[in-house]
Amino acid sequence: MDGAVLHLGSGKPRMSRDNASAANGVASADERARKPLIKLDKLSKHYGNHTVLDGVDLEVMPGEVLAIIGPSGSGKSTLLRCINYLEPPDGGHVTIGDISLNAAAPAGRSELSTLRRSVGMVFQSFNLFPHMTVLRNVSLAQERVLGRSRRSADERSMQLLSRVGLADKAQQFPGRCSGGQQQRIAIARALALDPDVMLFDEPTSALDPELGLEVLAVMRELAETGMTMIVVTHEMSFAENVSDTVMIMADGKIIEKGPSADVMRNPQEERTKRFLRAVHDR
Amino acid sequence: MLPSLEELSAWLPDLLSGLSISLQVTALSLLIGIPFGLLLALGVLAKSRLTKILALFLVEVGRGAPALVLLQFIYFGLPTTGLTLGSFTAAVIALAWNTGAYTSEIIRASLQSIPHGQREAAVAIGLNRLDALRYVLLPQGLRVALPALLAFSILIFQGTSLCFTIALPELVSRAYEIGSNTFRYFPALLAAGVLYASISIPAALVVSHVEKRAGSYAQR
């Protein structure tokens with residue numbers, strides 16, 4: 001499957017890399033964009049004796065699209081899940097906008113709720129709620145978390161569903177939708193809280209290449225609107241063409257991070273070279 | 001051996017009023033017992049140690065002790081502590097406890113059978129724990145649990161026959177009464193048995209129908 005993805009990636013029109021970097025250039029000239037939106041300090045996570053995250057420092061600027069790549073078990077997904085505290089980190093700090101959480105102290109409920117409101121997350125396995133219509137899936141959190149009325153939540157949901165091209169599926173149940181459609185609905189659901197940043201945990205890994213493509217198209221459009229995104233992915237074409245920054249992880253550490261063209265075409269670290277070679281040889 | 005038609009028509013009013021009591025005890029035991037089972041399931045899954053231990057105690061006693069023993073304990077045992085209950089109340093409490101204990105395990109297993117990603121997605125979109133339970137986990141979990149809960153309801157209906165030991169005038173008691181008045185024990189009990197079956201067998205058919213449909217979200 002990976003081979004097919006690569007082939008697909010190289011055949012893709014290369015429009016957005018330049019667009020994205022141009023847009024990003026404008027954004028970084030903006031004063032407020034100088035302050036990172038997300039800042040991780042010495043973030044660590046252990047399972048027993050096994051160290052999954054080994055003091056990760058990371059800054060992500062507003063509007064930046066960061067792709068995280070690396071071998072399995074390198075801690076990419078755990079890093080993502082620590083950012084919104086789906087897995088509470090064991091040490092370090094997570095700062096998103098005005099919220100700052102210290103992993104050493106237990107997080108309060110209101111802090112966690114604010115954190116999760118400002119972070120949208122998309123999972124590898126979609127995790128839509130199968131017992132609700134597509135519309136309810138997108139509306140539920142707006143009603144329960146943002147306190148919107150059913151009507152205004154549904155209105156907003158329909159906008160979001162149109163944006164991912166699935167307004168006609170609103171009254172269906174997720175089980176009737178293809179994997180690609182489900183993942184697009186999941187993106188709409190995550191966007192429904194108007195998050196400051198969107199996290200994607202291997203959003204196309206459970207999809208065949210064709211369906212993955214429609215999800216990547218939605219993600220690319222989202223990136224072009226200036227959404228801050230952190231994407232754990234095995235889609236090298238996305239890392240190279242859509243993201244602004246690429247970061248390689250291995251063994252719970254950041255091996256290399258930089259502008260995507262530099263890292264993907266001219267990696268400095270031996271570990272990065274080895275990983276990219278392995279990917280391209282497939 | 002078989003009751004004659006005259007006997008049947010003479011017994012039927014008594015037997016039917018016994019059946020009505022059996023059904024009332026069943027309904028109340030389930031109405032109280034299943035929500036109690038839900039609470040016990042949540043208690044067993046709770047993070048708080050005290051809640052967990054208390055819930056486990058109630059579940060293990062309720063499951064560990066035969067329903068007959070629970071009945072006897074509540075009806076004959078509790079009065080020694082100063083609490084005297086009517087046989088109807090005692091029957092409902094004992095069977096509701098029994099129901100709660102068993103259904104808590106059914107509900108707990110169903111909740112745990114829901115893919116972990118569902119809870120994660122609920123948390124990630126900012127739902128608090130109660131909302132995650134109410135909107136995401138319970139609707140799915142109860143759907144999984146439904147066939148087993150219905151099957152258990154049939155068992156509880158049959159279990160009400162134990163209440164004849166605490167002088168509740170339910171179906172078996174009535175059949176016994178008829179037997180001791182007429183010495184026609186076997187025909188009277190046979191008639192009672194047919195009445196039990198006339199409820200249990202259609203109910204079992206409903207359960208198997210529900211079982212086939214459960215879990216098919218997309219077909220609604």
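Asks: Which parts of the structure should I look at to understand the environment of H116(B)?
Replies: Residue and element names in this part refer to chain B. Along the chain, the position of H116 falls in helix 5 (residues 116–124). Given a relative accessible area of 53%, H116 falls into the exposed group. The spatial distance from the C-alpha of H116 to the C-alpha of L137 is 10.0 Å, given a sequence separation of 21 residues.

Asks: Could you clarify how one ought to interpret the environment of R144(A) in this entry?
Replies: Its location among the elements puts R144(A) in helix 5 (residues 134–144). Apart from residues no more than four positions distant in its own chain, R144(A) is found in contact with L127(B), D131(B), R134(B) and Y135(B). Of the polar contacts made by the side chain of R144(A), one reaches the side chain of Y135(B); its length is 3.2 Å.

Asks: I keep staring at the interface of chain B and chain A and nothing clicks. Help me out?
Replies: Quite often, the size of an interface is put as the accessible area lost when its parts meet. Taken together, the 20 residues of chain B in the interface contact 22 residues of chain A. At the surface where chain B touches chain A, the tally comes to 2 salt bridges. In this structure, R144(A) and D131(B) form a salt bridge, with 3.0 Å as the shortest nitrogen-oxygen distance. There are 7 residue pairs in polar contact (both at pLDDT 80 or more) connecting chain B and chain A. Secondary-structure elements contributing two or more residues to the side of chain B that touches chain A are helix 5 and helix 6 (129–159) of chain B. Among the elements that take part in the side of chain B that touches chain A, helix 5 of chain B stands out by supplying 7 residues, more than any other.

Asks: Would you take a moment to explain the sheet that holds strand 4 (residues 91–96) of chain A for this structure?
Replies: Adjacent strands of a sheet pair through backbone hydrogen bonds, lying either parallel or antiparallel. Residues and elements named next belong to chain A. In space, the 4 strands of this open sheet follow the order 2-1-4-5, with antiparallel pairing throughout. With partners counted over all chains shown, the strands left at the sheet margins are strand 2 (50–60) and strand 5 (99–102), one partner each. The average angle at which neighbouring strand axes cross in this sheet is 15°, direction not considered. Pairing of strand 1 (residues 38–47) with strand 4, which is carried by 5 bridges, proceeds in the antiparallel orientation. Each bridged residue has a counterpart across the sheet, and for S44 the counterpart in strand 4 is G91. Set on the sheet, helix 3 (residues 76–83) makes contact with strand 1, strand 2 and strand 4; between it and strand 1 the angle comes to about 120°. Against the sheet, helix 4 (residues 109–118) makes contact with strand 4 and strand 5, and its axis sits at roughly 125° relative to strand 5, the strand it touches most.

Quick notes on the rules
- Residues numbered from 1 in each chain as written.
- Chains lettered and ligands numbered in written order.
- Predicted model: local features only at pLDDT ≥ 70, side-chain atom pairs only at ≥ 80, totals over all residues.
- Heavy atoms only, no water.
- Helix = DSSP H or I, 4+ residues; strand = E, 2+ residues; numbered from the N terminus.
- Buried < 20%, exposed > 50% of the residue type's maximum accessible area, 1.4 Å probe, protein only.
- Contact = heavy atoms within 4.5 Å.
- Polar contact = N/O pair within 3.5 Å; in protein donor to acceptor, adjacent residues only side chain to side chain.
- Salt bridge = Lys/Arg side-chain N within 4 Å of Asp/Glu carboxyl O.
- Pairing = 2+ DSSP bridges.
- Axes fitted to C-alpha atoms, helices over the stretch in contact; angles between N-to-C directions.

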